[in-house]
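Here's the letter readout for the chains.
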Amino acid sequence: MPAELFKALRREPDAGTNVTAPETARPLIDVEGYNFYYGSKQALFGIRMGIPEKQVTALIGPSGCGKSTLLRSFNRMNDLVEGSRHEGNIRLGGRSIFDPALEVISLRRRMGMVFQKSNPFPKSIYENVVYGLRVAGQNDRRTLDAVAERSLKAAALWDEVKDQLGESALKLSGGQMQRLCIARAIANNPEIILMDEPCSALDPVATTKIEELIFELKKDYTIVIVTHNMQQAARVSDWTAFFYLGRLVEFDGTKKIFLSPSQKQTEDYITGRFG
Amino acid sequence: MLARRAKDLRSQEAASVLHIRLADGRAVRIPTGKIIRYYQPNALSAPERLGMAVMNFWRFLSEDPREANTEGGIFPAIFGTFVMTVLMSVLVTPFGVLAAIYLREYAKPGLWLRGVRIAVNNLAGVPSIVFGVFGLGFFVYGVGSFVDRWFFGEALPTPTFGTGGVLWASLTLALMTVPVVIVAAEESLASVPKGTREGSLACGASKWQTIRRVVLPAAAPGIMTGFILAMARGAGEVAPLMLVGVVKYAPTLPLDGIFPFLHPERKFMHLGFHIYDLGFQSPDSEAAKPMVFATTLVLIALVVLLNLAAILVRKNLRRKYAGGTF
Ligand SMILES: Nc1ncnc2c1ncn2[C@@H]1O[C@H](COP(=O)(O)OP(=O)(O)OP(=O)(O)O)[C@@H](O)[C@H]1O
Ligand SMILES: [Mg+2]
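Residues numbered from 1 in each chain as written. Chains lettered and ligands numbered in written order. Predicted model: local features only at pLDDT ≥ 70, side-chain atom pairs only at ≥ 80, totals over all residues. Heavy atoms only, no water.

### Notes on the overall build of chain B
- Along the backbone of chain B there are 11 helices and four strands.
- If one aligns the C-alpha atoms of chain B with their principal axes, the spans along those axes are about 90 × 55 × 35 Å.
- Counting across all 326 residues of chain B, residues that qualify as buried make up 40%.
- Sequence-distant contacts, at least 24 apart, represent 67% of the contacts inside chain B between residues at least 6 apart.
- For chain B, the accessible area works out to roughly 18,400 Å², and carbon and sulfur atoms hold 67% of it.
- Mean positive and mean negative side-chain charge positions of chain B (32 and 20 charges, respectively) differ by 7 Å. (Helix = DSSP H or I, 4+ residues; strand = E, 2+ residues; numbered from the N terminus. Buried < 20%, exposed > 50% of the residue type's maximum accessible area, 1.4 Å probe, protein only. Contact = heavy atoms within 4.5 Å. Areas by Shrake-Rupley, 256 points an atom, 1.4 Å probe, with all protein chains shown as cover. Lys, Arg positive; Asp, Glu negative; His and termini not counted. Charge placed at Lys NZ, Arg CZ, Asp CG, Glu CD.)

### Let's talk about helix H2 (residues 67-74) of chain A
- Of all the eight residues making up H2(A), seven are buried; the element is thus mostly covered by neighbouring parts of the structure.
- Restricting attention to buried positions, one finds in H2(A) the residues Lys67(A), Thr69(A), Leu70(A), Leu71(A), Arg72(A), Ser73(A) and Phe74(A).

### Let's talk about the confidence of the model for chain A
- Across chain A, pLDDT averages 86, with 90% of residues at or above 70.
- Taken as a whole, residues 11-21 of chain A scores under 50 in pLDDT and shows 15 contacts with residues more than four places along the chain or in a different chain. (pLDDT = per-residue confidence, 0-100.)

### A word on the packing of aromatic side chains
Residue and element names in this part refer to chain B.
- As enumerated under the stated definition, the model contains 15 aromatic pairs over all chains in all.
- Relative to phenylalanine 280, the ring of tyrosine 276 has its centre 6.1 Å away and its plane inclined at 35 degrees; by these criteria the two rings are tilted. Residue tyrosine 276 and its partner phenylalanine 280 are located together in helix H10 (residues 271-281), separated by four residues, close to a single helical turn.
- Take tyrosine 276: its relative accessible area is 33%, and that puts it in the partly exposed class. (Phe/Tyr/Trp six-rings, centres within 6.5 Å; stacked < 30°, edge-to-face > 60°.)

### Regarding the pattern of salt bridges
- All chains considered together, the criterion is met by 21 salt bridges over all chains.
- The partner of Arg72(A) in a salt bridge is Glu198(B), with the nearest N and O atoms 2.9 Å apart. With Arg72(A) in helix H2 and Glu198(B) in helix H7 (residues 194-202), the pair connects residues from two separate chains.
- On the accessibility criterion, Glu198(B) (9% relative accessible area) is buried.
- Ionic pairing is found between Glu186(B) and Arg117(B), a salt bridge with its closest N-O pair at 2.5 Å. Taken together, the residues Glu186(B) in helix H6 (residues 166-190) and Arg117(B) in helix H4 (residues 111-125) connect sequence positions 69 residues apart.
- By relative accessible area, Arg117(B) is classed as partly exposed at 29%.
- Beyond isolated ion pairs, a larger network of salt bridges with shared partners links Arg72(A), Lys194(B) and Glu198(B). (Salt bridge = Lys/Arg side-chain N within 4 Å of Asp/Glu carboxyl O.)

### A word on the sheet that holds strand S5 (residues 95-96) of chain A
Residue and element names in this part refer to chain A.
- Taken together, four strands build an open sheet; the order of strands is S2-S1-S4-S5 and the sheet is antiparallel. In the strand order of this sheet, the two ends are held by strand S2 (41-52) and S5, each with one partner.
- In this sheet, S2 lies alongside strand S1 (residues 27-38) in antiparallel orientation, the contact comprising eight bridges. Within S2, the position partnered with aspartate 30 by the bridge is glycine 50.
- Sheet contacts for H2: S1, S2 and strand S4 (84-92); angle to S1, the most-contacted strand, approximately 120 degrees. (Pairing = 2+ DSSP bridges. Axes fitted to C-alpha atoms, helices over the stretch in contact; angles between N-to-C directions.)

### Let's talk about the site of ligand 1
Residue and element names in this part refer to chain A.
- In the vicinity of ligand 1 lie 13 residues, with Ser63, Lys67, Ser68, Thr69 and His228 positioned nearest.
- Here serine 68 contributes a side-chain N or O atom positioned 2.6 Å from an oxygen atom of ligand 1.
- Interatomic distance of 2.5 Å between a side-chain N/O atom of histidine 228 and an oxygen atom of ligand 1.
- Bound to the protein, ligand 1 loses 64% of the 630 Å² it would expose on its own. (Near = heavy atom within 4 Å. Polar contact = N/O pair within 3.5 Å; in protein donor to acceptor, adjacent residues only side chain to side chain.)

### Section: the interface of chain B and chain A
- Chain B puts 25 residues into the contact, and the matching count from chain A is 26 residues.
- Between chain B and chain A the total buried area reaches about 2,100 Å² when both faces are included, carbon and sulfur atoms providing 60% of it.
- Put simply, chain B and chain A have one salt bridge between them.
- Our count for the chain B to chain A interface comes out at seven residue pairs in polar contact (both at pLDDT 80 or more).
- Elements supplying a minimum of two residues to the side of chain B that touches chain A: H7, helix H8 (207-235) and helix H11 (285-320) of chain B. (Buried area = accessible area lost by both parts, 1.4 Å probe.)

### Remarks on the packing of H6(B) against H8(B)
Residues and elements named next belong to chain B.
- For the pair H6 and H8, interaxial distance at closest approach is 8 Å and the crossing angle is 150 degrees. One element, H6, and the other, H8, form an angle in the roughly antiparallel class. You can see that H6 and H8 cross each other, and the crossing is right-handed. Of the residues in H8, those in contact with Leu173, Met176, Thr177, Val180, Val181, Ala184, Ala185, Ser188 and Leu189 of H6 are Val215, Leu216, Ala219, Gly222, Ile223, Gly226, Leu229, Ala230, Arg233 and Gly234.
- A per-class count over the contact of H6 with H8 returns 13 nonpolar, five polar and one charged. (Parallel < 35°, antiparallel > 145°, perpendicular 65-115°, else oblique. Left-handed = near helix turned anticlockwise from the far one by under 90°. Nonpolar A, V, L, I, M, F, W, Y, C, P; charged D, E, K, R; others polar.)

### Section: the sheet that holds strand S7 (residues 192-196) of chain A
All names here are of chain A.
- Strand order in the open sheet made by the six strands is S6-S7-S8-S3-S9-S10, with mixed pairing throughout. Both outer strands of the open sheet, strand S6 (111-114) and strand S10 (247-253), are each paired with one neighbouring strand and no more. When the angles between neighbouring strand axes are averaged without regard to direction, this sheet yields 15 degrees.
- Against the sheet, H2 makes contact with strand S3 (56-60), S6, S7, strand S8 (222-226) and strand S9 (239-244), and its axis sits at roughly 150 degrees relative to S7, the strand it touches most.
- Sheet strands in contact with helix H8 (residues 174-187) are S6 and S7, and its direction is about 170 degrees off that of S6.

Rendered as structure tokens:
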């Protein structure tokens, strides 16, 4: 991708941002030699990377290279897959997420997840947002109201739905639904937001809205986003990891990856020669 | 005392007799005690006749039967059918849904699961009379006599629960219709998208919370379909009921204004059995013919009505969470 295009896409001024090399940034998530298997099929091979705190990390790579698998490993959604297993370790804030003393539920409360296909529950808009609190046993009306408003405002949806909070979430438009899912993901006040191709089913206007939202959210949250859209990765992320066939090929500052990748494979993929 | 008074009344009644001379010159004597109401059809105007017909039909629906069921109304049978069907549906739904949740969400695939599935499917093919025999043996003689011994000991040897009753009849039919509910509920659970479940888990919900709060509401319309099918199957069933609590004439209703309102041990009347009784057990089946047809119509109308009510509920559920996506 030509340098001018990259510059044009980036909204941030290049100078003054706290972008440092992945090795020196304080990682919130540490992936240490992580292998993952679906039955006998190995999907991830010796992944080793650190996800920096309060920054946006993009995972890119051709279809089937294991981006979703890695993302879903972070909040242990892959536990649900029959016959799956892993080797190596992932640490969250220094503590292994596979520690038997650590409850999966409390781990998942620390990470909001936004899926490729928006998946609102068959409930009202309000109940969708406060769902995470409800299942945690929080039923105090005032707390819930406050969280609903804060989360919907943070997801830039409040103005559109504040008069119809009691209506079914399934009546919203696709883009609104996805923002509702983001509101739901941040209602638990997580440290990390995991996003798996959050814009792939949306039109450009809705996509822009979500990208702007990511920009806002990264002030408070660490964000990991899987995307197939190179421009999107360039626009929203601080760090980019390129995966190929289950291996991490290159992980560096987004600018570095897009302007002067050190691996030939990365360059080929970014310039659209394959993938 | 009472006997003397009754004899007095009866002789008074016999004393007043209506003498009529018919058009062909015959004289007829009718004791007034046998007259329930009279009218002159030829003297009626059209609207009066219509009113008469409506009144007659209303009496048919709302009155107790007379003359060994061959005359009068069928109200106790309508009411009995209604109570039994509702009770059965209320009993079968939670049971069927729980079974479906177990089969779909918790059971590990394997020999056991396959065995249970086959058993459920076979249950659907068992003739209903066999369920009646089972209900009699298990519910009435087994559970019923046990309950009697423990809770109604002072009433023995007269059985309270140890004989057919509306509760045992409902349970028997619930058992018969449970495969329908299980299959329908399982299908609708399976149709809840994986993404919805994952979304709930990712919010920090446990598996059971996910099922209770997200999967079941999403599957509710499909579960209602199972409920409707079960109701339709159960409401028209007669054969097993004859063994577990339906009677030709029940002096009391299973549900009334006397505490505790629902009397699950009472025997009850049922439209289906009423049809059988009128058409095949009455002394003059030719004379009972109109009653048989009318009762059949009422039975069908009742089933349609119950189904419509359930369909309305389902429509409401659907609309509440309808997705007008994109
Ligand atoms: N549930 C599963 N069971 C078995 N294999 C799976 C499962 N999910 C994914 N895989 C396999 O693991 C590999 C990585 O899949 P993954 O979904 O992580 O890819 P991806 O990079 O997210 O692709 P895409 O960009 O298309 O979403 C693929 O080869 C896929 O076939
Ligand atoms: Mg994927």
